[in-house]
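The lines below spell out each chain.
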Amino acid sequence: MWYSLGKFILKNRLYALLFLLAATSVMGFYASKIKLSYDFTKAVPTDNPKFIDFRTFVKKFGADGNTMVIGIQSDRYFDKTFFNAVGDLHHQLKAIDGVTGILSIPEVVTLGNDSVTGKLGPVKLFHYPFSNQADLDIAKIKFEGLPFYKTLLYNPTTHAYLMGISLNKDTINSKSRTRLINDILKVVGNFENKQQVEIYKSGMPFIRTVMANRIKDEMNKFLLASFLLSALTLFLFFRSISAVIMSLLVVGMGVIWSLGTIVLCGYEITLLTALIPILVVVIGIPNCIYFLNKYHTTYKEIPDKDKALVTMVGRMGIVTLFCNIAAAIGFAVFAFTKSAILKEFGVVAGINIMALFLISLLFIPAVLSYLPAPKPKHIKYLDNKYLEYILVKIERWTFHHAKWVYTITAIVTIVSIVGITKIKSEGFVVDDLPKKDKLYTDLKWFENQFNGLMPLEIVVDAKKPRAALKMETMLDIEEFSNYVSTKSDVARPLSIVEALKFANQGFYGGDTASYVLPLEIPASLSTAMRSKEKGKSEFMKLVSQFVDSNQQATRISVNMKDIGSIKLPVLIADLEAKSAKIFDSSKYKVTFTGSSVTFLEGTSFIIKGLKESIFWAFLLITICMLYLFKSFRILICSLIPNLVPLIITAGVMGWTGIALKPSTVLVFSVALGIAIDVTIRFLINYKQELPHFNHKVDATLVQTIRHTGISIVYTSLVLIAGFIIFVWSDFGGTNALGWLTSLTLVVGTLTNLVLLPVLIISISPKNKM
């Protein structure tokens, strides 16, 4: 069948190439419409309770995590010249398209009684620009007498000051967010240079934008570098520009098809689908190497180009098909998870790995048929003395040192299993950043000065309209907030209680001692919060965000440190236990949510989904291998060399302290696909050669090691060259992906060339299979 298919492809080679050209053009058109996804909640299934809680919160109160913050630490802050400059900065930032509001010290208000109406209303404290330092000093004293702003906008002991910039949720969740952040940075940078003071920048939208842009730029850069390094390695092996260009065109078409598939499926580029182009390179380059190697090997034996090409398709077609099926299964299983981001990854990866087989099968023989026959220099690599020496050594270990192979494998595996017990599964919002990176150090500055920026939202639903503003509710919220304030990893909670204390202080003329809950809720405050009137002060806008429209539910907003996915559940469990004691469950429903909670839940879900998918992938690949070889003994032989590299990689992660996270868990999926690929190619070639050697196992293994071993080694070296480039990444996850995958490639090559033949010999009855 496959030999007939080879003849058919050569006969219709022009039509095959025209088909690929047309298909690539269409997919290229759709690929040009690719968009980035800015919705991090896609990692969590829509029926996940935490996702539902977050969506309910957003519906009632609007999105959280849309505030960027800038910080200044200077004892010159209340110098009139500097303070006036901060006021100008406020107005410049507010004029930026996409900035919806700013909370900063120059624009703060207190509450006072209107001399005409007698109603309580906002009164501006700082009337800048100041020409007189004494006037600013007087206003400063009044400001420092307002406990509401203490630790919210300034740290009284360190001269640290904060400005909160609210960003339009639609803008920050679109491609315009880069423009918005850059506009803000430009204004802030001008202020920084002019005033000669360091500005600290952070907040969820800022962090997400900067990290997404860095990852996108870095992945583009490293993908290009990986292409170039793979091309250089291919040229060093094959000494043929045409072979290199042909191989790169195969993976290039694969990349275009994968991007087109994303658009056709209605998806966008996410954290995981962004890695599919790399996977296309990983799967595509071995396809090219094995086809070329078989073509050159056959041509060396039978110097007839057409016969060599037919033999190449006949011998390698089925091998490549099952290799790609195994790899596709490894990723397609993600499509059966509940997470949208994993489903999209599974669908696109599964489809395009099989599409890559079609591209390789049609393009490589068709192009080679148009090219001149290989010259002696193109097949010189088949007689590589150094590689031949290594393969002879492998033969010797296979036939004369089986006990040592088993012993070394057992020892390394046991040590690795011990390492696996040390692996942690932990994620952070600013995961993977170097500790000296400005993004990381600025976040830590805010954590040190203001106890963090990561949003934790606690919703208290009083179950009845207007019940959220009852004094009973306020007293319970105050007690709970006081308990939250005792936690070292969280900032002072903000809630309607703080607003009422602030209002009470204003009602009594600004007396600091009056910063307590009033005996009753001022009707004017309740009315002001419900008002849709434009021109509200920043303070009233802030206060209105703490109670929903019918005043049934109120929120307690807590900023916390980036404590990670291990400590966060412990903190929330502690707070939930305390809230259950304070809030009567018959009257209140208390919910813990927030974008940081959902973000970390998504990270945990991705890790869990990846681990489960790897299990199912291994099971399905096992069934596929059993069908392919129809031998339980061969099945056992094929699984062990694939398990060992995964165990060793996991063990190294444990011993080196690398945590499980989406980027590192993905290593196992990539590694499984690569290792299985090598195993299938080795075993199919072994089975194909077995009849030619009268079913003599030893002779067949020697032939398989010497011939298939060459392509296995070359493939591994090319892939290592493609992945090792990632060790220069600034992101820990990308760095780990590079060297861990390279490690797995090395171990997988060794287990398939050394351990697999030893296993075959061990299970062979009387030297026959």
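For the structure itself, consult the block above.
What you see is a predicted model, and the numbers here were worked out from it, not measured in a lab.

Chemist: Help me understand the pattern of salt bridges, please; the structure alone is not making it clear to me.
Modeler: Pairing is possible between side chains that carry opposite charge, provided their charged atoms lie close to one another. Scanning the entire structure with this criterion turns up 16 salt bridges. In this structure, Glu498 engages Lys501 in a salt bridge whose closest nitrogen and oxygen atoms are separated by 3.9 Å. Within this pair, Glu498 and its partner Lys501 are both found in helix 17 (residues 496-507), separated by 3 residues, close to a single helical turn. Salt bridges linked by common partners bring Glu478, Arg492, Glu498 and Lys501 together as one network.

Chemist: Explanation requested: the pairing of strand 6 (residues 160-167) in the structure shown.
Modeler: Look at any regular strand and the pattern is simple: side chains alternate between the two faces of the sheet. Counting buried positions over the 8 residues of strand 6 gives 7, a clear majority of the element. Of the pairings in the sheet, the one linking strand 1 (residues 67-73) to strand 6 comprises 7 bridges and is antiparallel in character. Looking at strand 6, one finds that Val69 is bridged to Gly164.

Chemist: What am I meant to see in the sheet that holds strand 9 (residues 553-560) here?
Modeler: Backbone hydrogen bonds are what pair the strands of a sheet, in a parallel or an antiparallel way. The sheet built from 3 strands is open, its strands ordered 9-8-10 with antiparallel pairing. Of all strands in the sheet, those bounded by a partner on one side alone are strand 9 and strand 10 (589-593). Adjacent strand axes in the sheet meet at a mean angle of 20 degrees when their direction is disregarded. Here 8 bridges tie strand 8 (residues 454-461) to strand 9, and the two strands are oriented antiparallel to one another. Note that in strand 9 the partner of Val460 across the bridge is Thr554.

Chemist: Explanation requested: the environment of Asn168 in the structure shown.
Modeler: With respect to the element layout, Asn168 can be found in the loop between strand 6 and helix 6 (169-172). With 289 residues separating them along the chain, Asn168 and Glu457 place their C-alpha atoms 19 Å apart. Discounting chain neighbours no more than four positions away, the residues touching Asn168 are Gly98 and Thr100. Looking at Asn168, its side chain comes within polar contact range of the main-chain nitrogen of Asp170, at 2.9 Å.

Chemist: Mind showing me how you'd approach a nonpolar patch on the surface here?
Modeler: Taken together, the side chains of Leu14, Tyr15, Leu18, Leu21 and Tyr370 present a nonpolar region at the surface, about 570 Å² in accessible area. Per element, the largest residue contribution to the nonpolar patch is 4 residues, and it comes from helix 2 (residues 13-31). In this structure, Tyr370 sits in helix 12 (residues 340-370). In this structure Tyr370 comes out as partly exposed when scored by relative accessible area, which is 44%.

Chemist: Any chance you could explain the environment of Thr46 here in plain terms?
Modeler: Within the fold, Thr46 resides in the loop between helix 2 and helix 3 (49-61). Sequence spacing of Thr46 and Ser716 is 670 residues, and the spatial spacing of their C-alpha atoms is 40 Å. Once residues lying within four places of it in the same chain are set aside, the contact partners of Thr46 are Phe51 and Ile52.

Chemist: Would you explain unusual backbone geometry in this entry?
Modeler: Glycine aside, a negative phi is what most residues show, and trans is what most peptide bonds show. Here Tyr128 and Pro129 are connected by a cis peptide whose omega angle stands at 5 degrees. Position of Pro129 relative to the elements: it lies in the loop between strand 4 (120-124) and helix 5 (133-144). In this model, His159 sits at a positive phi of 60 degrees, which is unusual for a non-glycine residue. For Gln551, which is not a glycine, the phi torsion comes out positive at approximately 55 degrees. Tracing the chain through its elements places Gln551 in the loop between helix 19 (538-544) and strand 9.

Chemist: Just to check I follow, could you spell out the packing of aromatic side chains for this structure?
Modeler: When we look at a pair of aromatic rings, we describe it by the centre distance and by the angle of the planes. With the rule as written, the count across this model stands at 34 aromatic pairs. Between the aromatic rings of Phe480 and Phe583, the centroid separation amounts to 5.9 Å while the plane-to-plane angle is 65 degrees, which identifies the pairing as edge-to-face. Residue Phe480 is located in helix 16 (residues 471-484), and its partner Phe583 is located in the loop between helix 20 (564-582) and strand 10; the two are separated by 103 residues in the primary sequence. Its end group placed over the ring of Phe546, Arg555 keeps NZ or CZ at 5.9 Å from the ring centre. Lying across the ring of Tyr483, Lys578 places its NZ or CZ 5.0 Å from the centre.

Chemist: Looking at this structure, I do not really get helix 5. What am I missing?
Modeler: The terminal C-alpha atoms of helix 5, which comprises 12 residues, lie 16 Å apart, in line with the 16 Å expected from a rise of 1.5 Å per residue. What helix 5 keeps buried is the set Leu136, Ala139 and Phe143. Considered in projection along helix 5, the buried side chains sweep an arc of 65 degrees and stay on one side of the axis. Facing away from the buried side of helix 5 by more than 90 degrees, the exposed set consists of Ile141 and Lys142. The inward-facing, buried residues of helix 5 contact helix 4 (80-94) and strand 5 (154-155). Structurally, the start of helix 5 carries an N-cap: the backbone nitrogen of Ala134 is 2.8 Å from a side-chain oxygen of Asn132.

Scoring rules and cut-offs
- Residues numbered from 1 in each chain as written.
- Predicted model: local features only at pLDDT ≥ 70, side-chain atom pairs only at ≥ 80, totals over all residues.
- Heavy atoms only, no water.
- Salt bridge = Lys/Arg side-chain N within 4 Å of Asp/Glu carboxyl O.
- Helix = DSSP H or I, 4+ residues; strand = E, 2+ residues; numbered from the N terminus.
- Buried < 20%, exposed > 50% of the residue type's maximum accessible area, 1.4 Å probe, protein only.
- Pairing = 2+ DSSP bridges.
- Axes fitted to C-alpha atoms, helices over the stretch in contact; angles between N-to-C directions.
- Contact = heavy atoms within 4.5 Å.
- Polar contact = N/O pair within 3.5 Å; in protein donor to acceptor, adjacent residues only side chain to side chain.
- Patch = residues over 30% accessible without salt bridge, like charges linked within 9 Å, V, L, I, M, F, W, Y side chains within 5 Å.
- Areas by Shrake-Rupley, 256 points an atom, 1.4 Å probe, with all protein chains shown as cover.
- Phe/Tyr/Trp six-rings, centres within 6.5 Å; stacked < 30°, edge-to-face > 60°.
- Lys NZ or Arg CZ within 6 Å of the ring centre and 35° of its normal.
- Expected span 1.5 Å × (residues − 1).
- Arc of directions from axis to C-beta.

All we've got here are geometric facts, nothing functional implied.
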